[in-house]
Amino acid sequence: MSEGDSTGESIHGKASVIGSFFGGIGQVYQSWLDKSTPFSAVRWGTTLLLTAIYMIRVYLLQGWYIVTYALGIYHLNLFIAFLSPKVDPSLLDDMDEGPTLPTKQNEEFRPFIRRLPEFKFWHSATKGIVIAMICTFFEAFNVPVFWPILVMYFIMLFCITMKRQIKHMIKYRYIPFTHGKRTYKGKDDTGKTFAS
């Protein structure tokens, strides 16, 4: 590797101040993301709070409807990816009956694996809201539109997309909301030992 090829290095091989600064910020940001991973309710609560603040801001300013529409379409795409399986059953080679989930007790348990995991869904949705909020501070993004048409078009698009997704789920027999393999409770421990 020659001098200056590495990210954050200057021509003379020393780390640049700007590269080190942004590298440090990236590490702190990733550390906070890692710490927030187990707290899904808090994460989604924060995202809902940010959404409410954004909606109140748009309502009070009476503008930025295109930004809000773009945010809605982005969230719809994220939601569809969240509901979709990682491997699309319609693209598999066996087109006779398609793959199915286990229906009998002795079949292998195969959990539903999402195309977009929950954490990445939350992270992308939150980033989208923050970017949309930042856009409301710039008048260039305030394009005048007749907002009821955008609302009707979004509702129509949502209904058509969800209808197609639900048909896909019914056709290939999968449910995107599973809670893992069923566990069975054993006998209660009475504390008695067996003599052999």
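A short tour of the structure in this document, coming up. If you're wondering where the values come from, they're calculated on a predicted model, not measured in any experiment.

### With respect to the nonpolar core
Note that soluble globular proteins tend to have their nonpolar side chains buried in a common cluster.
So, point 1. Among the nonpolar cores identified, the biggest contains 12 residues, and these are Tyr54, Val58, Trp64, Tyr65, Val67, Tyr69, Leu71, Ile129, Ala132, Met133, Cys135 and Leu150.
So, point 2. Counting only elements with at least two residues in this core, the list comes to α2 (40–61), α3 (65–83) and α4 (118–135).
So, point 3. Within the second largest apolar cluster, 10 residues are counted, among which are Leu76, Leu78, Ala125 and Met162.

### Some words on the environment of Pro176
So, point 1. Tracing the backbone through its elements, the reader meets Pro176 in the segment after α5 (147–171).
So, point 2. C-alpha separation for the pair Pro176 and Phe112, spaced 64 residues apart in sequence, amounts to 6.3 Å.
So, point 3. Ignoring any residue separated from it by four or fewer positions in sequence, one finds Pro176 in contact with Leu83, Phe112, Arg114 and Met169.

### Section: a nonpolar patch on the surface
So, point 1. Where nonpolar side chains cluster on the molecular surface, the patch consists of Ile66, Val143, Val145, Trp147, Val151, Met152 and Ile155 and spans about 580 Å² of accessible area.
So, point 2. Per element, the largest residue contribution to the nonpolar patch is 4 residues, and it comes from α5.
So, point 3. When you line up the elements, Val145 lands in the loop between α4 and α5.

### Quick notes on the packing of α3 against α5
So, point 1. Between α3 and α5, whose axes approach to 11 Å, the crossing angle comes to 5°. Comparing their axes, α5 and α3 come out roughly parallel. Here Tyr65, Ile66, Tyr69, Gly72, Ile73, Leu76, Phe79, Ile80 and Leu83 of α3 lie close against α5, whose contacting residues are Trp147, Leu150, Tyr153, Phe154, Leu157, Phe158, Thr161, Met162 and Gln165.
So, point 2. Residue composition of the contact of α3 with α5, grouped by class: 15 nonpolar, 3 polar and no charged.

### Here's the deal with the pattern of salt bridges
Side-chain pairs of opposite charge can arise where the charged atoms are in close proximity.
So, point 1. Counting across every chain of the model gives 1 salt bridge.
So, point 2. Residues Arg43 and Glu118 are paired through a salt bridge, measuring 3.1 Å at the closest nitrogen-oxygen approach. With a gap of 75 residues between them, Arg43 in helix α2 and Glu118 in helix α4 connect regions that are remote in the sequence.
So, point 3. Given the relative accessible area of 4%, Arg43 is considered buried.

### Points about unusual backbone geometry
So, point 1. Residues other than glycine seldom take positive phi values, yet Gln62 does so here, at roughly 55°.
So, point 2. For Gln62, the position within the fold is in the loop between α2 and α3.
So, point 3. For Trp64, which is not glycine, the phi dihedral falls at a positive 60°.
So, point 4. On the secondary structure map, Trp64 appears in the loop between α2 and α3.
So, point 5. Classification of Trp64 as buried rests on a relative accessible area of 7%.

Thresholds applied
- Residues numbered from 1 in each chain as written.
- Predicted model: local features only at pLDDT ≥ 70, side-chain atom pairs only at ≥ 80, totals over all residues.
- Heavy atoms only, no water.
- Core = buried A, V, L, I, M, F, W, Y, C linked by side-chain atoms within 4.5 Å.
- Buried < 20%, exposed > 50% of the residue type's maximum accessible area, 1.4 Å probe, protein only.
- Helix = DSSP H or I, 4+ residues; strand = E, 2+ residues; numbered from the N terminus.
- Contact = heavy atoms within 4.5 Å.
- Patch = residues over 30% accessible without salt bridge, like charges linked within 9 Å, V, L, I, M, F, W, Y side chains within 5 Å.
- Areas by Shrake-Rupley, 256 points an atom, 1.4 Å probe, with all protein chains shown as cover.
- Salt bridge = Lys/Arg side-chain N within 4 Å of Asp/Glu carboxyl O.
- Axes fitted to C-alpha atoms, helices over the stretch in contact; angles between N-to-C directions.
- Parallel < 35°, antiparallel > 145°, perpendicular 65-115°, else oblique.
- Nonpolar A, V, L, I, M, F, W, Y, C, P; charged D, E, K, R; others polar.

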